[in-house]
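An overview of the molecular structure
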Amino acid sequence: MELLWGVFTASYLVTTVRAACSDCAYRGCHKVDNSKLNIHLIAHTHDDAGWLKTVDQYYYGGTQNQAAGGVQYIIDSVIGELDADENRRFILAETGFLWRWWNDRGEHVRHKMRKFLESGRLQLVAGGWVMSDEATPHYTMLIDHMSLGIRFLKDIFGDCGIPKIAWQIDPFGHSSEQGEQFAKMGFDAVFFGRINQDEYLTRRDKREMEMIWRPYKDGSTIFTGVLYNLYQPPDGLCFDVSCHDEPIMDNPRLHGYNMERRIASFVNSARTWADAYQTNHVQLTMGGDFHYMVASSWFVNLDKIIKHVNERYPDLNVIYSTPACYLKAINDLNTTWPAKENEDFFPYCSYERKFWTGYYTSRANLKYYIARANNILQVIKKVGAYSNTWNSFDEFEVERAVALAQHHDAIAGTQRQHVANDYALYLHEAVHRSKDMLTKAYRSWGEVIESRHSFCMLRNISECHITERNRKFVLYVFNPLPTETNFTIRIPYHHPIQAYESSNLMVYGDIMPVPPSVMAIPGRHSLAKSEYVFQANGIPAMGFKSFYVQHQNPTGSPTADQTSDDYYNPELPELPTTELTLGFDSGIQIVINTTTGLLQYVIMDEATWYLEQSFGYYEGTNRWTSSGAYTFSPSQRGLIRLPKNPTYTVHRGQNVIEVHQVFESWVSQVIRLYRGQQSIEFEWLVGPINLHDTAAKEVITIYKTHLVTNGIFYTDSNGRKFMKRRRDYRGKQRNHSPRIESNYYPVTTAARIHDDRATLTVLTDRAQGASSNVDGSLEFMLQRRLLVDDNKGVTEPLDEKSFGVGIVTRGIHIVQFTTNSDAAYLHRTRSLAITQGPLLSISPTSRTINQWQPASTSFLKGPVPENINVMTLQKLSPTTVLLRLEHIYDVDEDPQYSVPTEVNISALFSRRVKSVKEVTLDGNSDRDCELGRLVWSFAGNTTRTDKRTDLVPPLVVLEPMEIRTFVVYYFP
Ligand SMILES: [Zn+2]
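Residues numbered from 1 in each chain as written. Predicted model: local features only at pLDDT ≥ 70, side-chain atom pairs only at ≥ 80, totals over all residues. Heavy atoms only, no water.

As named in an unreviewed UniProt entry, the protein chain is Alpha-mannosidase, taken from Lygus hesperus. Of the protein chain, the UniProt comment under Sequence similarities (unreviewed entry) reads exactly: "Belongs to the glycosyl hydrolase 38 family." You can read under Catalytic activity (unreviewed entry) in the UniProt record for the protein chain the words "Hydrolysis of terminal, non-reducing alpha-D-mannose residues in alpha-D-mannosides." (UniProt positions renumbered as here; feature names shortened; annotations may be inferred.)

So, on to the nonpolar core. Grouped burial of nonpolar side chains is what soluble globular proteins tend to show. By size, the foremost hydrophobic cluster in this structure holds 239 residues, and its most contacted members are W167, F266, Y292 and L885. Setting aside chain neighbours within four positions, we find W167 in contact with I42, H44, I91, A93, V125, A126, M131, F191, L227, T285 and P323. Core analysis: the second largest hydrophobic core is formed by 22 residues, V477, Y493, I511 and L840 among them. (Core = buried A, V, L, I, M, F, W, Y, C linked by side-chain atoms within 4.5 Å. Buried < 20%, exposed > 50% of the residue type's maximum accessible area, 1.4 Å probe, protein only. Contact = heavy atoms within 4.5 Å.)

The subject of this paragraph is the side chain of Q874. Within the fold, Q874 resides in strand β41 (residues 868–877). Of the residues examined, Q874 reaches a relative accessible area of 3% and is grouped as buried. A polar side-chain atom of Q874 sits 3.0 Å from a polar atom in the side chain of E395. A distance of 2.9 Å separates the side chain of Q874 from the side chain of E399, its partner in a polar contact. (Helix = DSSP H or I, 4+ residues; strand = E, 2+ residues; numbered from the N terminus. Polar contact = N/O pair within 3.5 Å; in protein donor to acceptor, adjacent residues only side chain to side chain.)

Every protein donor of the zinc ion is accounted for by H46 (NE2), D48 (OD), D170 (OD) and H408 (NE2), and the metal-donor separations fall at 2.0 to 2.1 Å. Around the zinc ion, the 4 donor atoms sit at angles spanning 89 to 163°, and that spread fits a shape best called irregular. Each donor residue of the zinc ion lies on one chain, and together they are spaced H-x1-D-x121-D-x237-H. Taken together, the residues D170 in the loop between β4 (165–168) and α7 (176–184) and H408 in the loop between α13 (392–404) and α14 (417–444) connect sequence positions 238 residues apart. Accessibility assignment for this pair places D170 and H408 in one class, buried. (Donors = N, O, S within 2.8 Å, 3.2 Å for Na, K, Ca; no water. Tetrahedral: all angles 85-135°; square planar, octahedral: opposite > 155°, others 65-115°.)

This part covers the state of the cysteines. Under the defined criterion, the tally for this structure stands at 4 disulfides. Covalent S-S linkage joins C29 and C325, the inter-sulfur distance amounting to 2.1 Å. Taking the torsion about the S-S bond as the criterion, the C29 to C325 disulfide, at about -80°, is left-handed. Of the two residues, C29 is situated in the loop between α1 (2–14) and β1 (37–46) and C325 in helix α11 (residues 323–331); the sequence distance between them amounts to 296 residues. For C325, a relative accessible area of 7% translates into the label buried. Between the sulfur atoms of C238 and its disulfide mate C243 the distance is 1.9 Å. (Disulfide = S-S within 2.5 Å.)

Look at the UniProt record and you will see "domain: Glycoside hydrolase family 38 central" (unreviewed entry) annotated at residues 354–427. Counting secondary structure, residues 354–427 comes out at 64% helix and 0% strand; the distance between its end C-alpha atoms is 32 Å.

With the rule as written, the count across this model stands at 61 salt bridges. A salt bridge links R452 to D436; its shortest N-O distance comes to 3.2 Å. Of this pair, R452 sits in the loop between α14 and α15 (465–469) while D436 sits in helix α14; the two residues are 16 residues apart in sequence, bridging distant segments of the chain. By relative accessible area, D436 is classed as partly exposed at 27%. Residues participating in the shared-partner salt-bridge network are R490, E531, E658, R672, E681, E683, R810 and R830. (Salt bridge = Lys/Arg side-chain N within 4 Å of Asp/Glu carboxyl O.)

A separate point is the sheet that holds strand β11 (residues 339–341). To summarise the sheet geometry, strands pair through backbone hydrogen bonds and adopt either a parallel or an antiparallel arrangement. The 5 strands lie next to each other as β4-β5-β7-β6-β11, forming an open sheet whose pairing is mixed. Strands at the two margins of the open sheet, each flanked by one partner only, are β4 and β11. Averaged over all adjacent pairs, the angle separating strand axes in this sheet is 25°, with direction ignored. Relative to strand β5 (residues 189–192), β4 runs parallel, the two being bridged by 4 bridges. From the neighbouring strand, W167 faces β5, where its bridge partner is F191. (Pairing = 2+ DSSP bridges. Axes fitted to C-alpha atoms, helices over the stretch in contact; angles between N-to-C directions.)

So, in structure tokens, the structure goes:
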């Protein structure tokens, strides 16, 4: 492995971005004849990077008794069959599998693959590490897995390895952010398998299966094609060894001759499919899940189809083709295409009228783990860029674990349990490796690190062995954001502790009790009954700061503010009012109804607003129509509210106030206010979900306001722009009757409602499904415990267990009730802090406070504007880095910050910048490759390339919501 990796690394280091854009995808296309119907046979295999078995079981072909599939044999077999006949073509997606194969095979067969690629006989599509889900990944995850996959392809195949066609044939709905990203990566088209059934039928009947999609208003456009039959062959024409259809038997001297009948069947299907498309070209997807393990079974029959149809049907031209060759052929026709603008493809409803809106929440803990690991990855890349301990192998291992998790049966939560465990294991290894990388980096920056850093990943359930069991330890906070930041730290402890900024500067910390429901979480092994909560202020931009923590001197007594005497005692309610107002002299205040125990109002700028928050659940049935890992299908009972009268206690500190509520033995939460903050934190805890009444449950939290929303709400597209949702609206192409589940949309980081007076924004710490089923409200699905499978292939109910009982999930919502003008600023800055924010690591020490040297370092040379984030800073070689800058505000979103903004790239580095080159969003091609995409006419418009008046790098301008990617070359 080490040696093989060396091959990758060494060539990668000398890879520089060249101006040439690959045209390999358009090479080797068979001749089309526009006087005929051209039938493009697309030989392909759909290889899930984990689903019924793990990614590596699928690669090696293990456990065939559980599920078929062996991707190494598929690639071997296809190479052999391409070699056998130069007429044949094949496409490959899922670079993660190709990476495994490439490292596993010798130069002879690698050389063959390279030749097939250069001649266009083998084409790579999409090129991402996996075929990602589109509903639940954060936009940084989507960019990264594409960047990683294409980087590998470019490394081994050169520019010829860079795909031009995106291929999202199985994901369960399609996001605007993903469409926009594909355009920015230079793709000429994207092809889908699944869209909402109503939209599919309408498009099919109107011959609008292909369109020019502008995913965001004022954004890019991309040619988008919907495949006729998901990604499957026509009925009866599956020739894989795993299929049961008849082969073409064309020798009349042998028994069973069926050629004319089989060919007629093919022609019939092809003409039907072609009727759904505008031109005299049609793609026939000839493949399926893990097909081509015996590639000859497909190719031999396709050879015969081509031969016999072309001989017998003068109006038909059947050819081996690829999506790129098909695209080039229809682009040459100069047709005008229908358009789809400022909409995405959610929610997905399949042919049997089931809504695939459950997977937005399925496996809530895995989704959280992926989000945390991604945050760590984003930090680790920047740490590597600023330290001399960078190790490309380690960084790649972390990258590929997070990339794998983006697969459409990974982060989606739609895999078998043992496969979910395998994704978590890869993430665990990546997190572990990241600790080592961080430890080495801190040492390289002169820090005395006595033992390896820990992230204390269980702090979300108030458990951390290092802080509980060590008398002295050092906290490090690395801030990857380009602005100085404050960061709240909560440390679970057993023995009272005190934090210091320096030997003579104590940091004030509030002491908050750990709720009994948290202490009772199965599998929690912690002595901590309290948390020490403090504000780590002034963490330098793109830099770090350290804090020292030690046990309090047993003879010293804590300050009066920290004693439990200061807590509100629930047995002495603040009568006579029935309302309890909590808050600080600045920031938002909350009002608890002491009769119901629920949050009832918020006070913002001296105005009182109704905001009630509570929990409920939807019930499943045990029929096949019930919810499953993919689908959400609540029973007729609708939303069942949990008891309206939770018990509660209030805990006041100097800088934090907490309300601990218990709704049920399996639902509780902490509502938290921090001094000076405009946000309310809801740390909810769900599970083990009670199944004693034998009903499956999908637990939600609901925020109700009196905002006048008229059915309108907003959900984010992969954590970036907000998409406008209209309850019960089906659009031009849809006509199904509205249901609870049809109004659910994916949220990656935030959902919002507003009227002309105020805005409610709710930020999440992981992807969740969300809806507004009642005007003025937002609801989020937190966790699901189901009892039956939804017949989509997993064959396991989504009934997650750990420690012998149903799984427990704890997470955070940040709720912002604000004036409309403040909404974007509060949301955008907080969202960045949640997804790409500071990383806390902890290391025990033997030094005394006086021996310890406090550290506070920024690696930035100059300031970066407040509305700009340094999204990616990744070392490519000792003298080059990949840099992504993002404007974090949308157009017209904020009166001050939604403006084009100038950035001086050289301000990011203390090293002298030699040159800067702009590249595509994935970082692997010259920006010209995006600008030089195929041009299309549509609905009175023509796709045009982006023209900008720019400054000379290193000075660049970012428009609102724009991401720009650069390779920066330093002087050695
Ligand atoms: Zn799939």
